[in-house]
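Residue-level listing of the chains:
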Amino acid sequence: MSAGRDLVLSIGRLYCDIVFRGLDAMPRLGEERFAETVAIVPGGGGFITAAHLAALGLHAGLLARIGTDPLSGTLAPALANSGVDLRWVERAHDAGPQPTVVMVQDGERAFLSRRAGSARPATLDAALADPAARHLHIAEFATLAEIPDLIDRAKRAGLTVSLDPSWDDDWIRRPDLIERTAGADIFLPNAAEARAIAGCDDLDEAGSRLAGHFPLVVIKDGGNGARLFQRDTTLPLPAPEGGPVLDTTGAGDAFNAGFLAAWLAGHPAEQALAEGIACGTLSVRSVGGAGTRLDRGDVDAMSLALLRNHDRIDA
């Protein structure tokens, strides 16, 4: 990689997350429920990963569209304070409102979202052509489906590419999904997505099948940690036990940021896995996907403890 190429681009829809917590039960048709708290925060995997990358000290840019409506406008202060490079965020009338209602009960979540307009920002060409651009993270397969040449264009510009498929009922079991993702360097599904895409229940078998299509596969498995698959190598690493869980929204996107930051720095695979788990674990201790900025010292300390506890390095 040539000197000066330090920009990590993250692309995906930008949502206005309305997060309700403190529910006794999820609402059913004909019922009304009341929450103890509500928070309105920027959401969407593209932004959440970019925000955590910025908190970890990387130059992270967001490729997204945002509406000109009042609801979209409420995100302006949080976006400005995120540390993310916002030069490639397109503001357009048809891009909003794009809300996601998040209901959290006992650590589990339910979502209701609306997509508005196209996922393709008018700034895409300029972002990929930026001489500082090094890596493109695609936060959801649905965005790739709308921009089918996205990976090819990024690769032609000299960027490496990562992809989090992000569960989408319209696409997750499509037989051509893997074909459409050809060229991605890192594939980052969660356990449910990996099983559905690979067509098998055994997670190790799913990872092995996916590793036949991608140079590097990392499967996120929530409280169980994560597993890395590369050629004939399988590397599992458990998550730390205990700790408060306020909101798991965006935990996988935080994991992506930690893993990518370590991978781009040239760290060994097991260290990248530990840093991803540390970021995902720390993220659930606040409300919203990027509710609290990750602290590099906390991430380093937790990832080191994970490696020591599982004999990855000498104590």
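Structural data are supplied above this passage.
This one's a predicted model, so the numbers in the text were calculated from it and none came from an experiment. (Residues numbered from 1 in each chain as written. Predicted model: local features only at pLDDT ≥ 70, side-chain atom pairs only at ≥ 80, totals over all residues. Heavy atoms only, no water.)

### Brief notes about the packing of aromatic side chains
Alright, step 1. Applying the stated criterion to the full structure yields three aromatic pairs.
Alright, step 2. An angle of 65° between the planes, with centres 5.3 Å apart, marks the rings of Phe141 and Trp171 as edge-to-face. With Phe141 in helix H5 (residues 141-146) and Trp171 in the loop between strand S9 (160-163) and helix H7 (177-180), this residue pair connects regions lying 30 residues apart in the sequence. Just as Phe141 is buried, Trp171 falls in that class too.
Alright, step 3. An angle of 10° between the planes, with centres 6.3 Å apart, marks the rings of Phe255 and Phe259 as stacked. Here Phe255 and its partner Phe259 are both found in helix H10 (residues 251-264), four residues apart, which amounts to about one turn of the helix.
Alright, step 4. Here Phe255 falls in the buried class, since its relative accessible area comes to 5%.
Alright, step 5. Given a relative accessible area of 1%, Phe259 falls into the buried group. (Phe/Tyr/Trp six-rings, centres within 6.5 Å; stacked < 30°, edge-to-face > 60°. Helix = DSSP H or I, 4+ residues; strand = E, 2+ residues; numbered from the N terminus. Buried < 20%, exposed > 50% of the residue type's maximum accessible area, 1.4 Å probe, protein only.)

### What about the sheet that holds strand S3 (residues 37-43)?
Alright, step 1. Spatially, the four strands line up as an open sheet ordered S3-S2-S6-S7, and their pairing is mixed. Every other strand in the sheet has two partners, leaving S3 and strand S7 (108-113) as the edge strands with one partner each. Across the sheet, the mean angle separating the axes of adjacent strands is 20° when strand polarity is ignored.
Alright, step 2. When strand S2 (residues 15-21) meets strand S6 (residues 99-105), the two strands line up parallel, connected through five bridges. Opposite Asp17, over in S6, you have Thr100 as the bridge partner. (Pairing = 2+ DSSP bridges. Axes fitted to C-alpha atoms, helices over the stretch in contact; angles between N-to-C directions.)

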